[in-house]
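# Residue-level structure breakdown
One-letter residues, chain by chain:
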Amino acid sequence: MIEMYRKRLPYLLVILISVQMSSIAFAQAPKTVHVLVNKPVADVQPTMWGVFFEDINFGADGGIYAELIKNRSFEFFKPLMGWKVEQKPFVEGAVTVLNRQIENTANPRYLAINLHNATKGTLTLINEGFRGMGIKKDMQYDFSLQYRLPSKGITIHVELINAEKETIGTAVFTPTTTSNEWNKQSIRFTSTATSAKATCAIWFEGSGTMDIDMVSLFPTDTWKNRPGGMRADMIQLLADMKPGFLRFPGGCIVEGFDLSQRYQWKKTIGPIENRQLLINRWNFEFAHRPAPDYFQTFGLGFFEYFQLAEDIGAAPLPILNCGMACQFNSAELVPINQIDPYVQDALDLIEFANGDITSTWGKIRADMGHPAPFNLTMMGIGNENWGPQYIERLKIFQKAIKEKYPYIKLITSAGTDPEGARFDSLNTALRAMNADFIDEHYYRKPDWFLQNARRYDNYPRNGTKIFAGEYAAHSVKTVGVDNKNNWLSALSEAAFMTGLERNAGVVQMASYAPLFAHADAWQWTPDLIWVDNLRAYGTTDYYVQQLFSVNKGNRVLPITLNNEVIAGQDSVYASAVMDTVTKEVILKMVNLSSNPQILSIELDGVKKVLAKGSLQLMQNNNLNAINTFEQPRFVAPISLDFPIQNKKIAYTAPGYSFQVLKIQVK
Ligand code: AHR
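Since the structure is predicted, the reported quantities are computational estimates derived from the model, not experimental observations.

### Here's the deal with the overall build of the protein
Of regular secondary structure, the protein possesses ten helices and 35 strands. For a compact globule of 666 residues, the expected C-alpha radius of gyration is about 26 Å, and the protein comes in at 27 Å, within 12% of that figure. If one aligns the C-alpha atoms of the protein with their principal axes, the spans along those axes are about 90 × 65 × 45 Å. Long-range pairs, those at least 24 residues apart, make up 77% of the contacts in the protein with a sequence separation of at least 6. Only carbon and sulfur atoms are counted for the fraction: they give 53% of the accessible area of the protein, which is about 25900 Å².

Structure, rendered in structure tokens:
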């Protein structure tokens, strides 16, 4: 860490000098910015800045869900996808795939093994992991499986193998129970080396028959050390954002290609072997980025999402299918006279989250280990749905939910685009229904974000609020494969976000999307956080999101230049909030010009101000700059301070910079 700062020292010095001395270096007259500290115009909701999670880009399976075995239950379209079977000599029928569909619809397949005097090399099953397995030296791993062994005689050997084909961890798994029933057993062992692309080999010794299912390998260093839990490094990046809400599980996976592939939360809770696998629509959605091995095992299901939200202090925001499949795909609709189960799913989810432990669904939550309620207060009905068919279905949900749970705020869809005829008609219809929140999405080029910094200045102040539910600046083209998380994208989002913050009375929630991407398995770019099997880093956009979120304050303050909001004059964008708890005035400012901006910031309506303020600064002269695995903080905040005299700050915003200034007031 110290080394990193040492390397960056010359760069930090340049910034420091430009912050402290810039008024000497540039003879330009300072522009006077006024902050009206005693004239807050709106509250900032605790939910203002949140995160959007979807299982896209291997975000869940192969991502935050730390399972290392791919296709553990042999339920992928091809039962042995992800597995290699090696046999010497080849014996017909030594490994077969059985399907017990009638007795187990959720997890019908398993492998039947038939051996005669097997030794090392006779029969080996090798799992490739999710684009390899990330194995860490000296880390403990839990290998488990479900098996049915009628009589003793078979031992299983587990080996972790690195890319060089060396063994970097071994375990001997001796089944302890012989029975015609299924048993679950696990063994813990330690790896001897690190590898980003390991595989897991399982070989059999002995004679007899054995059925196996749910073959699993988890590291023990999961988030909160929960067995079968989540990747701690990825979750830590979320926790560090202190998000106001966690939206889950998407995104388009809520809708599904057709209704049979929609996300159904009830199939994602309870014992993991009973959670029915579903194809992930990002498996085939983009022909140019196919991922035939992308499925949802739901080891990470709704209980775990609620628990995650609670862990990171975020309000849970589930989005449910509204009886419509993706309108870009099959566009299937459930007939209105068959919509009841969909509505019931929504009502039952509220009971699952909040119900007393004596209620049907509250008891299921309690039995899963969480008797206390999850405090659900909002829910999305539909993702990117549109048209009269959406409004017709939404009204049914709205009536049923508001009747039973009037305190639940409903998030409603504005479709895929933030303008146009479809948007306008939805906007009109939703406002006529007194929708609580309209969810607007914008994946646009950086310019759009700059041009829309004032988008919400004239939105109605009363009634329906806005959830900016998915947005990201796409550097090349909307949903293009060459889009980068570069500094220009992050700066233009920051500029736009000052507009959201100025209008926090109207826009009460916002989230960048998508959240995670695996470097070897992504479908969509840009994304907030990139990972490989061992590493994770926040993009430039991540640090912008984080700075807004951890400095959200609770009152919006007017900040003006020549009595006008600051939204693009000389490429400067700004917003201000007050944190009445810490008694800090917090300014956020973006300079999208290559030239420094010399400012005199005056705090009006305040008695006393401390003589020193603190600054978080992000700056880079190269708008194409990006963070990488090798340089994860190439563009990231640095902490500085600045002097304050007579409630005035002489501040120079460096070219191409985003900064958060904090001033303690009395
Ligand atoms: O964030 C990626 C996708 O973009 C989401 O699944 C969908 O809601 C939007 O179209």
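### Re the site of the ligand
Around the ligand sit Phe52, Glu54, Gly251, Cys252, Trp282, Asn383, Glu384, Tyr443, Glu470, Pro514 and Trp524, and those are all the residues in its vicinity. At a separation of 2.5 Å, an oxygen atom of the ligand approaches a polar side-chain atom of Glu54. In the model, an oxygen atom of the ligand is placed 2.8 Å from a nitrogen or oxygen of the Cys252 main chain. Starting from 280 Å² of accessible surface for the ligand in isolation, the protein chains cover 95%. Tallied by class, residues from the shell around the ligand come to six nonpolar, two polar and three charged.

### Considering the nonpolar core
Counting residues in each nonpolar core, the largest one holds 134 residues, and the members touching the most others are Phe302, Met379, Ile401, Trp487, Leu500 and Phe658. Beyond its immediate stretch of four places on either side in the chain, Trp487 contacts Thr540, Val544, Met618, Gln619, Asn620, Asn622, Leu623, Ala625, Val635, Tyr656, Ser657 and Phe658. Of all hydrophobic cores here, the second largest spans 35 residues; its members include Trp83, Leu115, Val158 and Phe189.

### As for the domain arrangement of the protein
One can read the domain layout of the protein as domain 1 (2-44 + 555-664), domain 2 (51-66 + 223-550) and domain 3 (83-219). On the side of domain 3, 19 residues touch domain 2, which itself brings 20 residues to the contact. For the pair domain 2 and domain 3, the two sides together bury roughly 1500 Å², of which 58% comes from carbon and sulfur. It is Glu273, Asn533 and Leu534 in domain 2 that bury the most area against domain 3; as a group they hold 38% of the surface buried on that side. Between domain 2 and domain 3 we count two salt bridges in total.

### Here we look at the state of the cysteines
Chemically, a disulfide is nothing more than a covalent bond linking the sulfur atoms of two cysteines. The full count for this structure, using the stated rule, is zero disulfides. Free of any disulfide, Cys252 has its nearest neighbouring cysteine sulfur in Cys326, separated by 5.1 Å. Taking relative accessible area as the criterion, Cys252 reaches 12% and is therefore assigned buried. Cys322 forms no disulfide, and the closest cysteine sulfur to it belongs to Cys326, at a distance of 11 Å. The exposure class of Cys322 is buried, given its relative accessible area of 0%.

### Re helix α2 (residues 232-239)
Listed as buried for α2 are Met234, Ile235, Leu237, Leu238 and Ala239. Buried positions along α2 lie against β3 (51-52), α3 (302-311), β23 (516-518), β24 (529-531), β25 (536-538) and α10 (540-550).

### Structural notes on the packing of helix α4 (residues 340-354) against helix α5 (residues 360-367)
Contact geometry of α4 with α5 gives a least axis separation of 7 Å together with a crossing angle of 45 degrees. Accordingly, the angle class assigned to the pair α4 and α5 is oblique. Our pair here, α4 against α5, has a crossing hand that is right-handed. Taken together, the residues of α5 that come into contact with α4 (itself represented by Asp348, Glu351, Phe352, Ala353 and Asn354) are Thr360, Trp361, Gly362, Ile364 and Arg365. Partitioning the contact of α4 with α5 into residue classes produces four nonpolar, three polar and three charged.

### Focus on the pairing of strand β32 (residues 612-619)
By the bridge criterion, six bridges tie β32 to strand β33 (residues 638-643) in an arrangement that is antiparallel. The partner of Lys612 across the bridge, within β33, is Pro643. One ladder, built from six bridges, connects β32 with strand β35 (residues 657-664); its direction is antiparallel. For Leu617, the partnering residue across the bridge sits in β35 and is Gln659.

### Regarding the sheet that holds β24
Sheet architecture is open: three strands sit in the order β23-β24-β25, paired in mixed fashion. Pairing within the sheet leaves two strands with one partner each, and these edge strands are β23 and β25. With direction set aside, neighbouring strand axes in the sheet form an average angle of 20 degrees. In this sheet, β24 lies alongside β23 in parallel orientation, the contact comprising three bridges. Bridging across to β24, Phe516 finds its partner in Ile529.

### Quick notes on the packing of aromatic side chains
Per the stated rule, a full pass over the model turns up 48 aromatic pairs. Centroid distance Tyr405 to Tyr407: 6.2 Å. Interplanar angle 85 degrees. Geometry classified as edge-to-face. According to the relative accessible area criterion, Tyr405 is buried, its value standing at 12%. Over the ring of Tyr110 we find Arg148; its NZ or CZ atom is 5.3 Å from the centre of that ring. Positioned over the ring face of Trp282 is Arg281, at 4.9 Å from the centre of the ring.

### Quick notes on the pattern of salt bridges
Scanning all chains against the criterion turns up 37 salt bridges. Residue Arg444 pairs with Asp417 through a salt bridge whose shortest N-O separation is 2.9 Å. Taken together, the residues span a long stretch of sequence, with Arg444 in strand β20 (residues 437-444) and Asp417 in the loop between β19 (409-413) and α7 (421-432) at a distance of 27 residues. Taking relative accessible area as the criterion, Arg444 reaches 17% and is therefore assigned buried.

### Overview of the packing of α3 against α4
At a minimum axis distance of 11 Å, the contact between α3 and α4 shows a crossing angle of 50 degrees. For the element pair α3 / α4, the angle class is oblique. Here α3 and α4 pass one another in a crossing that is right-handed. Side by side, α3 and α4 meet where Phe302, Phe303 and Phe306 of the first sit next to Leu349, Phe352 and Ala353 of the second. Its residues assigned to classes, the contact of α3 with α4 comprises six nonpolar, no polar and no charged.

The rules behind the values
Residues numbered from 1 in each chain as written. Predicted model: local features only at pLDDT ≥ 70, side-chain atom pairs only at ≥ 80, totals over all residues. Heavy atoms only, no water. Helix = DSSP H or I, 4+ residues; strand = E, 2+ residues; numbered from the N terminus. Rg over C-alpha atoms; globule rule 2.2 N^0.38 Å. Contact = heavy atoms within 4.5 Å. Areas by Shrake-Rupley, 256 points an atom, 1.4 Å probe, with all protein chains shown as cover. Near = heavy atom within 4 Å. Polar contact = N/O pair within 3.5 Å; in protein donor to acceptor, adjacent residues only side chain to side chain. Nonpolar A, V, L, I, M, F, W, Y, C, P; charged D, E, K, R; others polar. Core = buried A, V, L, I, M, F, W, Y, C linked by side-chain atoms within 4.5 Å. Buried < 20%, exposed > 50% of the residue type's maximum accessible area, 1.4 Å probe, protein only. Domains from an automatic or database assignment. Buried area = accessible area lost by both parts, 1.4 Å probe. Salt bridge = Lys/Arg side-chain N within 4 Å of Asp/Glu carboxyl O. Disulfide = S-S within 2.5 Å. Axes fitted to C-alpha atoms, helices over the stretch in contact; angles between N-to-C directions. Parallel < 35°, antiparallel > 145°, perpendicular 65-115°, else oblique. Left-handed = near helix turned anticlockwise from the far one by under 90°. Pairing = 2+ DSSP bridges. Phe/Tyr/Trp six-rings, centres within 6.5 Å; stacked < 30°, edge-to-face > 60°. Lys NZ or Arg CZ within 6 Å of the ring centre and 35° of its normal.

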